[in-house]
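Structure at a glance
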Amino acid sequence: PEPKRTGARAMDLRMRVSLWLPGWARLWLRDSGVVLASVGTALLATTALAVLVARSLGPKEYGIFAGFLGLSIAFSAFVDLGAVTLLLRGLSGVVADEAPEAHHARSSELMTPAVAVMSLALTALLLGTIAVAAISGVSLRLSFALVGLMAYTGLITVAGALETAFRAHRHLGTVFVVSVAEKVFLLAAVAVALA
């Protein structure tokens with residue numbers, strides 16, 4: 001009986017909240033909860049990742065790695081080229097103004113050139129990273145880590161365009177599941193590489 005009473009109280013609270021909150025606020029709260037859970041998961045995963053990489057590389061190599069981490073975050077803006085912001089604006093307009101049957105075709109028209117340009121920028125960034133790693137004479141292990149870091153940062157930036165499409169179409173549950181799966185895969189890949 002107690003769990004039913006607790007469930008009934010929770011349902012009663014949700015009904016009371018839904019009566020005084022406008023529809024947009026309920027959607028905003030739900031979406032914010034999904035995004036917050038996604039960010040929290042990413043924070044836990046990246047913290048574990050930082051510990052794994054720091055223990056593997058040692059102080060000197062980790063310092064170089066941390067420097068490249070900062071650069072990779074800065075260079076991700078050049079891979080993005082503002083495309084994600086433009087896509088969010090365009091895709092939101094498609095969802096708001098066009099018939100549901102036209103969403104897929106119009107979304108593809110907007111996404112394809114953006115992803116293509118971002119992929120070219122990522123390729124240039126990776127080639128530059130390989131050249132810098134080869135010229136600087138760092139160890140093979142650190143070179144592998146630096147190229148992997150740049151590739152990961154760039155791919156996440158390109159994937160941001162796909163995430164924007166899901167957000168515009170209000171598929172935040174999919175964004176959360178893919179984000180968690182990506183972090184789990186990243187941790188597993190780093191653990192395998194370190195082993």
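Per chain, residues are indexed from 1 in the order of the written sequence. Thresholds applied to this predicted model are a pLDDT of at least 70 for local features of residues and 80 or more for the giving and counting of side-chain atom pairs; totals over whole chains, interfaces and linings are not thresholded and use all residues. Just so you know, side-chain values use all the structure's heavy atoms and leave hydrogens and water out.

1. Description of the environment of Met118
Position of Met118 among the secondary structure elements: in helix 5 (residues 103-136). Spatially, the C-alpha atoms of Met118 and Asp80 are 6.0 Å apart, while their sequence positions differ by 38 residues. Residues in contact with Met118, not counting those within four places in the same chain, are Val79, Asp80, Ala83, Val84, Thr157, Val158 and Ala161. Note on conventions: DSSP H or I runs of at least 4 residues are helices, E runs of at least 2 residues are strands, and numbering of each starts at the N terminus. Contacts: residue pairs with any heavy atoms within 4.5 Å of one another.

2. Description of helix 4 (residues 83-97)
Residues spaced three or four apart along an α-helix face the same direction, because each turn holds 3.6 residues. Expected helix span is computed as 1.5 Å times (number of residues minus one). For helix 4, with 15 residues, the first-to-last C-alpha span of 21 Å sits near the 21 Å given by 1.5 Å per residue. Within helix 4, the full set of buried residues consists of Ala83, Leu87, Leu91 and Val94. What you see down the axis of helix 4 is that its buried residues fit within an arc of 50 degrees, all on one side. Every exposed residue of helix 4 that faces more than 90 degrees away from the buried side is listed here: Thr85, Arg89, Ala96 and Asp97. Buried-residue contacts for helix 4 involve helix 3 (59-80), helix 5 and helix 6 (140-168). Classification of residues uses two cut-offs on accessible area relative to the type maximum, computed with a 1.4 Å probe and protein chains only: under 20% is buried, over 50% is exposed, and between them is partly exposed. As used here, the arc is the angular range of directions from the helix axis to the C-beta atoms.

3. Thoughts on the nonpolar core
Side-chain atoms within 4.5 Å link the members of a nonpolar core, which is a set of buried Ala, Val, Leu, Ile, Met, Phe, Trp, Tyr and Cys residues. Counting 25 residues, the largest nonpolar core has Val53, Phe65, Val79, Leu87, Leu91, Met111 and Met118 as the members making the most contacts within it. Of all the elements in the fold, those that place two or more residues in this core are helix 2 (23-57), helix 3, helix 4, helix 5, helix 6 and helix 7 (172-194). Of all the elements, helix 6 adds the most residues to this core, at 9 residues. What Phe65 contacts, discounting residues up to four positions off in sequence, is Val53, Leu57, Leu142, Ala145, Leu146 and Leu149.

4. Description of the packing of helix 4 against helix 6
The relative placement of two packed helices is expressed as an angle between their axes plus a distance between the axes. Each axis is a line fitted through C-alpha atoms, and for a helix only the stretch in contact is used; angles between axes span 0 to 180 degrees, taken between their N-to-C directions. Axis separation between helix 4 and helix 6 bottoms out at 9 Å; the angle between their running directions is 20 degrees. Viewed along their axes, helix 4 and helix 6 adopt a mutual orientation that is roughly parallel. Regarding helix 4 and helix 6, the two cross each other, and that crossing is right-handed. Of helix 6, the residues touching helix 4 (which contributes Val84, Leu87, Leu88, Leu91, Ser92 and Val95) are Thr157, Gly160, Ala161, Thr164, Ala165 and Ala168. Here the residues of the contact of helix 4 with helix 6 sort into 8 nonpolar, 4 polar and no charged. Just so you know how the angles are binned, under 35 degrees is roughly parallel, over 145 roughly antiparallel, 65 to 115 roughly perpendicular, and the rest oblique. Helix crossings fall into two classes, left-handed where the near helix is turned counterclockwise from the far one by less than a right angle and right-handed where it is turned clockwise. Three categories are distinguished: nonpolar for Ala, Val, Leu, Ile, Met, Phe, Trp, Tyr, Cys and Pro, charged for Asp, Glu, Lys and Arg, and polar for the others, with Gly belonging to the last.

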